[in-house]
Amino acid sequence: MAVLLAIVSLSLVTVAGGDHVVPTLQLPTVMVAVLVRNKEHTLPYFFSYLEDLDYPKDRVSLWIRSDHNEDRSIDITKSWLKRTTALYHSVDFKYRSEPQRRASEKTSTHWNEDRFTDVIRLKQDALQAARTMWADFILFLDADVFLTHRETLRHLVGLKLPIVAPMLVSDALYSNFWCGMTPDYYYQRTDDYKKILNYDQVGQWAVPMVHSAVLVHLNVAQTRQLTFERKNLPAGRYDGPVDDIIIFAMSANYSGLSMHVCNALLYGYIMVPLEAGETVPGKDVEQLTNVLSYIVNEYGEVNLKEDLRKFVPTVPKDKLSLSNIYMINLDRRTERRTKMLKHFDLLGLDVEHFPAVDGKQLDDKKVHDMGIRFLPGYADPFHKRPMTMGEIGCFLSHYNIWERMVRLHEPEVLVLEDDIRFEPFFRRRAYGVLADARRIGGWDLIYFGRKRLQEEDEKWIDGSEYLVRAGYSYWTLGYVITLEGAKKLLRENPLQKLLPVDEYIPIMFGNHPNESWAAHFHGRTLSAWSAAPLLLYPTHYTGDEGYISDTEDSARIDGTLPSVGSGGSGSTVVNNETRDGAPVAGEPKKGDKEQLPNAPVLLADSGIGQNEHDLEAKNRRNEL
């Protein structure tokens, strides 16, 4: 193995009067240490993101160990290394093919003394290998960590901290750091933890524990005292468990070295360790889907190298036991459609694209010729304006789906808009909601996503763990509607007294505060429930980078179009300055996140599984 050296490269540049030597410092050398076991499902993505780190590969050595696999982890690693080994300064890959499981292990997620002992030995070997090759840094990296920010390694090296971890995001409150440690060396909940996790405070923070993605500056003299082995700790100072990350953290503490977590960037994502009894094909694959969905939301796609695609199985698609699933999407919003199709591929959803009615292609004459009339006295409750062409197009899009349901006699349909993000464990939770609703009966519509506008508690549906009776709500992000529900919404002839669809639906289930509007509709018998917690949220709120509203930011009807009883002789003057223009300064919108009483914070608990790090040591392991 070649020895990595941090050297000064000298370039010879010819200048007037002679030769002038300009010294150029190369980036520090890094050894990346990876332990792999039963990571067939994560490795294609792990290696893809590792390869794409913007750091000179000739300054990076790979040290990889793998054993006791029950899947294709070794084959995937070999395949990737066959193509990439020549790119790196050096590669040291050793593996054991048999046996598939230690004799003392009950399951592949069982953490016993033999397993801890092996992991401790391997990590100590990695640390010693990095010291022997005189690497400037060692990066301990779990095989289910995805470093999606290409500058991660450059940025961490540039901090020049003795021990630093990039803060990683999961599908729950779990991350790769602790802010507190109990007297017996386990996780302790603190107020600072959520502040850091939610980016309420941004920077580098001294913490008692980092793990799963940890960079160690080996040129700091005190790091010579770092260890994973209990026997190497100062005599008589440690009486805690035989646990690699805890021993390592305490060796840093005894050496006077601070561990830091950095959240200056969105560095990447981490899987939540499996608890005892959970399986890789079950819970872990679900969690991978959650994380990949987050990545699609953030970046628009998942990075997957072409030669690794063969190791990623195609997810079979279905309609969640429904008659159909429609996604409303403007033909010109191809970027939204592309992103949603990637979500559907990840989640295994068989969805039909339903072309939206484009408000840009509407004007006062077209609206009038379609026979549309507006609700007398309607004005948007937030900024006191009449409807926009975009809102008209939105209503017509939903209306056309209701008509199609009746025409095709579709009993239950899920309607999705194209600017949504799916909550973790979407499929499992959706099936739970539908099973409850069908068992109990008596519903016409179930919100999967909405903006709740009432502060008071909503009543639970008797006998359900997942459903509440919907109060006054905005947004039509996603909802399941029955054939009878569609008929009820059509019977009122809403195009003859039009108002936005997210005002109309609450009127029809009898939970709207404006009685004068509601009085125009007589068959208000829609039975509307809501999933609790919600299964969908918007991808962007007003003011967020990338926020676009095709309903709000479009031409406005100024109120002179004929309303009910006007005789149809009016006309509309549209101010062209408002067409697709910027919102009026200070003017609120229905998408404002501050108007949602229970708006989720950046990172919300998934509602399923463990919360933060409240796991026993044997259940929070995930690297081998």
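Rules used throughout
Residues numbered from 1 in each chain as written. Predicted model: local features only at pLDDT ≥ 70, side-chain atom pairs only at ≥ 80, totals over all residues. Heavy atoms only, no water. UniProt positions renumbered as here; feature names shortened; annotations may be inferred. Salt bridge = Lys/Arg side-chain N within 4 Å of Asp/Glu carboxyl O. Helix = DSSP H or I, 4+ residues; strand = E, 2+ residues; numbered from the N terminus. Buried < 20%, exposed > 50% of the residue type's maximum accessible area, 1.4 Å probe, protein only. Phe/Tyr/Trp six-rings, centres within 6.5 Å; stacked < 30°, edge-to-face > 60°. Pairing = 2+ DSSP bridges. Axes fitted to C-alpha atoms, helices over the stretch in contact; angles between N-to-C directions. Parallel < 35°, antiparallel > 145°, perpendicular 65-115°, else oblique. Contact = heavy atoms within 4.5 Å. Nonpolar A, V, L, I, M, F, W, Y, C, P; charged D, E, K, R; others polar. Expected span 1.5 Å × (residues − 1). Right-handed = clockwise from strand over helix to strand, strands pointing away.

You'll find the protein entered in an unreviewed UniProt entry as Glycosyl transferase family 25 domain-containing protein, with Anopheles atroparvus given as the organism. Under the heading Sequence similarities (unreviewed entry), UniProt records this for the protein: "Belongs to the glycosyltransferase 25 family."

Peer 1: Help me out: how do you make sense of the pattern of salt bridges in this one?
Peer 2: Close approach of charged atoms allows side chains of opposite charge to pair. What the rule picks out here adds up to 31 salt bridges. Across the salt bridge formed by Lys-39 and Asp-144, the nearest N and O atoms sit 3.0 Å from each other. You can see Lys-39 sitting in the loop between strand 3 (30-36) and helix 1 (43-51) and its partner Asp-144 sitting in the loop between strand 6 (137-141) and strand 7 (145-146), a full 105 residues away along the chain. Using a relative accessible area of 7% as the deciding quantity, one classes Lys-39 as buried. One salt-bridge network, in which partners are shared between bridges, spans Glu-51, Arg-83 and Asp-307.

Peer 1: I keep staring at the packing of aromatic side chains and nothing clicks. Help me out?
Peer 2: Where two aromatic rings form a pair, the distance of their centres and the angle of their planes describe that pair. What the rule picks out here adds up to 26 aromatic pairs. Here Trp-178 and Tyr-187 contribute two aromatic rings whose centre-to-centre distance is 5.9 Å and whose plane-to-plane angle is 80°, an arrangement assigned as edge-to-face. Taking the relative accessible area as the measure of exposure, Tyr-187 reaches 11% and is therefore buried. Plain terms: the ring middles of Tyr-472 and Tyr-474 are 5.7 Å apart, the flat faces sit at 65° to each other, and that makes the pair edge-to-face. Of the two residues examined, Tyr-472 and Tyr-474, each falls in the buried class. Put simply, the rings of Phe-395, Tyr-399, Trp-402, Tyr-504 and Phe-521 touch in pairs and so form one group of aromatic residues.

Peer 1: It is not clear to me how the pairing of strand 22 (residues 473-482) should be interpreted in this structure. Could you clarify?
Peer 2: Taken residue by residue, a regular strand's side chains alternate between the two faces of the sheet. Counting buried positions along strand 22 yields 10 of 10 residues, so the element is predominantly enclosed. Across five bridges, the pairing between strand 18 (residues 412-417) and strand 22 is antiparallel. Each residue of the ladder has a partner; that of Val-415, found in strand 22, is Tyr-479. Judged from the six bridges that link them, strand 20 (residues 445-452) and strand 22 form a sheet pairing that is antiparallel. In the sheet register, Ile-446 faces strand 22, and the bridge partner there is Val-480.

Peer 1: When you look at the packing of helix 10 (residues 389-408) against helix 13 (residues 501-508) in this model, what are you seeing that I'm missing?
Peer 2: The description of two helices packed together rests on the angle between their axes and the distance between the axes. Interhelical geometry of helix 10 versus helix 13 gives an angle of 50° and a closest axis separation of 9 Å. One finds that helix 10 runs oblique with respect to helix 13. From helix 10, Cys-394, Phe-395, His-398 and Trp-402 reach across to helix 13, where they touch Val-501, Tyr-504 and Ile-505. Among the residues making up the contact of helix 10 with helix 13, the classes are represented as six nonpolar, one polar and no charged.

Peer 1: Please clarify how the sheet that holds strand 23 (residues 528-531) should be interpreted in this entry.
Peer 2: One key point about sheets: their strands pair by backbone hydrogen bonds, in either a parallel or an antiparallel sense. Spatially, 17-16-18-22-20-23-21 is the arrangement adopted by the seven strands of the open sheet, whose pairing is mixed. Looking at strand neighbours, the two that pair on one side only are strand 17 (352-355) and strand 21 (467-469), the edges of this open sheet. Pairs of neighbouring strands in the sheet enclose a mean axial angle of 35°, with direction left out of account. Contacts from helix 11 (residues 426-440) reach strand 18, strand 20, strand 21, strand 22 and strand 23 within the one sheet, and its direction differs from that of strand 20 by about 125°.

Peer 1: Looking at this structure, I do not really get helix 2 (residues 73-84). What am I missing?
Peer 2: Every α-helix carries 3.6 residues per turn, so stepping three or four residues along brings you back to the same face. Between its first and last C-alpha, helix 2 extends 17 Å over 12 residues, near the 16 Å set by a 1.5 Å rise per residue. Tucked into the core, helix 2 has its buried residues touching strand 3, helix 1, strand 4 (60-66) and strand 5 (90-95).

Peer 1: Please clarify how the sheet that holds strand 15 (residues 268-270) should be interpreted in this entry.
Peer 2: On the basis of which strands lie adjacent, the open sheet formed by three strands has the order 7-15-9 and mixed pairing. Since the sheet does not close on itself, it has two edges, and those belong to strand 7 and strand 9 (168-169), each with one partner. As judged from the two bridges shared by strand 9 and strand 15, these two strands associate in the parallel manner. Bridge pairing in strand 15 links Val-169 to Tyr-269. Helix 7 (residues 280-299) rests against strand 7, strand 9 and strand 15 of the sheet, and its axis sits at about 170° to strand 15.

Peer 1: Looking at this structure, I do not really get unusual backbone geometry. What am I missing?
Peer 2: Most peptide bonds are trans, and most residues other than glycine sit at a negative phi. Residue Pro-533 follows Ala-532 across a cis peptide bond; omega there is 0°. The residue Pro-533 is located in the loop between strand 23 and strand 24 (536-538) in this model. Even without glycine at this site, His-409 takes up a positive phi of about 55°. Within the element layout of this structure, His-409 appears in the loop between helix 10 and strand 18. Phi is positive for Phe-425, close to 60°, though the residue is something other than glycine. Inspection of the secondary structure puts Phe-425 in the loop between strand 19 (420-422) and helix 11.

Peer 1: For this particular structure, what's the right way to read the side chain of Thr-289?
Peer 2: With respect to the element layout, Thr-289 can be found in helix 7. Owing to a relative accessible area of 18%, Thr-289 belongs among the buried residues under this scheme.

Peer 1: Explain the pairing of strand 4 to me, please; I cannot follow it from the model alone.
Peer 2: Among the seven residues in strand 4, seven count as buried, and that is most of the element. Residue alternation in strand 4 divides its side chains into two sets, Val-60, Leu-62, Ile-64 and Ser-66 and Ser-61, Trp-63 and Arg-65, and both sets are buried. Inspection of the sheet shows strand 3 paired to strand 4 by seven bridges, in the parallel sense. For Met-31, the partnering residue across the bridge sits in strand 4 and is Ser-61. Summarising the sheet, strand 4 and strand 5 pair through six bridges and their orientation is parallel. Within the sheet, the bridge partner assigned to Ile-64 lies in strand 5 and is Phe-93. Note on the crossover from strand 4 through helix 2 to strand 5: the handedness is right-handed.

Peer 1: What's the story with the packing of helix 3 (residues 113-132) against helix 6 (residues 244-254) in this structure? I'm lost.
Peer 2: One can describe the packing of helix 3 onto helix 6 by two numbers: an axis separation of 9 Å at closest approach and a directional angle of 45°. It follows that helix 3 is oblique to helix 6 by the angle criterion. Note on element contacts: helix 6 touches helix 3 through Asp-244, Ile-245 and Ile-247, opposite Phe-116, Val-119, Ile-120 and Lys-123.

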